[in-house]
Amino acid sequence: MTKAPLIDEPQEGIGEPWILSRIRTIPDFPKPGIKFRDITTLLNDARGFRKAVDELVQPYVGVAIDKVAGIEARGFILGGAVAHQLTSGFVPMRKKGKLPHATIGQSYDLEYGTDTLEIHEDAIAHGDLVLLVDDLLATGGTADAAVELIEKAGGKVVAACFVVDLPDLGGGQRLRDRGVDVISLCQYHGA
């Protein structure tokens, strides 16, 4: 069995070396000036993936989390693993029109337009304690819409967990301003 190589490039992030060495930075993707923080290298590394899930789970061991909600798409990978570890149900938060049963949705603004997140209308029961999980927090628009949707369904967001936080873009503060605890495994400043 071959082990995935660690990333050799210098890491300007803040966090433990084990996580920073497993996140690849792709310059100028999806457009010039953007540094895309690619977690597929973390997911590809069995030990790194396991440690990331363990670190996301650790603060909630012993807490009665009813559901873990994962935002499409990488939030599905992480959220499913976190839900398994916490013995909780999993709620996929999908883009509009992707779920087969009756849904409720929450629209949010994008740089050029709007988008909508949806969940099945019976995915979250009134009073459910929900942990929100995604790979990356930037401006917080999608995560904020996810929190709004969970609350609309009758759930209470315990916290929002991310592998990567880009604090200069304000998403973490946006969620904290609405009373949501934010946890991330590492941070990168700048674009």
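Before any of the text, the structure's been laid out above.
The following paragraphs examine the structure supplied in this document. (Residues numbered from 1 in each chain as written. Predicted model: local features only at pLDDT ≥ 70, side-chain atom pairs only at ≥ 80, totals over all residues. Heavy atoms only, no water.)

1. A few points about the overall build of the protein chain
Next up, step 1: Within the protein chain, the secondary structure is distributed over six helices and 10 strands.
Next up, step 2: Expected size for 191 residues packed as a compact globule is a radius of gyration near 16 Å; at 16 Å, the protein chain falls within 12% of this value.
Next up, step 3: Out of the 191 residues belonging to the protein chain, those deemed buried represent 43%.
Next up, step 4: The contacts in the protein chain between residues at least 6 apart in sequence include a share of 56% that link residues at least 24 apart.
Next up, step 5: When the accessible surface of the protein chain is totalled, it reaches about 9,700 Å², and 52% of it is carbon and sulfur.
Next up, step 6: A gap of 3 Å separates the mean positions of the 20 positive and 27 negative side-chain charges of the protein chain. (Helix = DSSP H or I, 4+ residues; strand = E, 2+ residues; numbered from the N terminus. Rg over C-alpha atoms; globule rule 2.2 N^0.38 Å. Buried < 20%, exposed > 50% of the residue type's maximum accessible area, 1.4 Å probe, protein only. Contact = heavy atoms within 4.5 Å. Areas by Shrake-Rupley, 256 points an atom, 1.4 Å probe, with all protein chains shown as cover. Lys, Arg positive; Asp, Glu negative; His and termini not counted. Charge placed at Lys NZ, Arg CZ, Asp CG, Glu CD.)

2. So, the nonpolar core
Next up, step 1: Judged by nonpolar contacts, the single largest core of 27 residues is most densely connected at Ile 19, Val 68, Val 82, Leu 86, Leu 131, Val 163 and Val 164.
Next up, step 2: Elements that contribute at least two residues to this core include exactly α1 (17-20), α3 (46-57), α4 (74-86), β8 (129-137), β9 (156-165) and β10 (181-187).
Next up, step 3: Apart from the residues lying within four places of it in its own chain, the contact partners of Leu 86 are Val 57, Tyr 60, Val 61, Ile 65, Val 68 and Leu 131. (Core = buried A, V, L, I, M, F, W, Y, C linked by side-chain atoms within 4.5 Å.)

3. Quick notes on the packing of α3 against α4
Next up, step 1: Closest axis-to-axis distance for the α3/α4 pair is 9 Å, and the angle between their directions is 60 degrees. Classified by chirality, the crossing of α4 by α3 is right-handed. Residues Phe 49, Arg 50, Val 53, Asp 54, Leu 56 and Val 57 of α3 touch α4, and the partners they reach there are Ile 77, Leu 78, Ala 81, Val 82, Gln 85 and Leu 86.
Next up, step 2: Class assignment of the residues belonging to the contact of α3 with α4 gives a composition of nine nonpolar, one polar and two charged. (Axes fitted to C-alpha atoms, helices over the stretch in contact; angles between N-to-C directions. Left-handed = near helix turned anticlockwise from the far one by under 90°. Nonpolar A, V, L, I, M, F, W, Y, C, P; charged D, E, K, R; others polar.)

4. Notes on helix α5 (residues 141-152)
Next up, step 1: Compared with an ideal rise of 1.5 Å per residue, which puts 12 residues at 16 Å, α5 spans 16 Å between its outermost C-alpha atoms and is within 8% of the ideal.
Next up, step 2: Within the span of α5, buried status applies to Gly 141, Ala 143, Asp 144, Ala 145, Ala 146, Val 147, Leu 149 and Ile 150.
Next up, step 3: Just beyond α5, the residue with positive phi is Gly 154, at close to 105 degrees. (Expected span 1.5 Å × (residues − 1).)

5. Things to note about the packing of aromatic side chains
Next up, step 1: For the structure shown, the criterion picks out two aromatic pairs.
Next up, step 2: Between the aromatic rings of Phe 29 and Phe 36, the centroid separation amounts to 5.3 Å while the plane-to-plane angle is 85 degrees, which identifies the pairing as edge-to-face.
Next up, step 3: For Phe 36, a relative accessible area of 24% translates into the label partly exposed.
Next up, step 4: With a centroid separation of 6.2 Å and an interplanar angle of 85 degrees, the aromatic rings of Phe 76 and Phe 90 are classed as edge-to-face. (Phe/Tyr/Trp six-rings, centres within 6.5 Å; stacked < 30°, edge-to-face > 60°.)

6. Quick word on the layout of surface pockets
Next up, step 1: Its boundaries defined by the atoms lining it, the largest pocket holds a volume of some 1,100 Å³.
Next up, step 2: The set of elements that each furnish at least two residues to the lining of the largest pocket consists of β3 (35-38), β6 (103-110), β8 and α5.
Next up, step 3: Looking at the lining of the largest pocket, the element that brings in the most residues is β8, giving four residues.
Next up, step 4: Here the residues of the lining of the largest pocket are counted per class, giving 16 nonpolar, four polar and 10 charged. (1 Å grid on protein atoms, 1.4 Å probe; cavity = no way out; pocket = protein on both sides within 12 Å on 5 of 7 lines; lining within 4 Å. Points joined across faces, edges and corners; volume = space filled by probe spheres on them.)

7. Some remarks on the sheet that holds strand β5 (residues 89-95)
Next up, step 1: Reading across the sheet, the eight strands line up as β1-β10-β9-β8-β4-β5-β7-β6 and stay open at both edges, with mixed pairing between neighbours. Edge positions in the sheet fall to β1 (14-15) and β6, since each of these pairs with one other strand and no more.
Next up, step 2: On the sheet, α5 packs against β4 (67-71), β5, β6, β7 (113-120), β8 and β9 and is oriented at approximately 155 degrees with respect to β6. (Pairing = 2+ DSSP bridges.)

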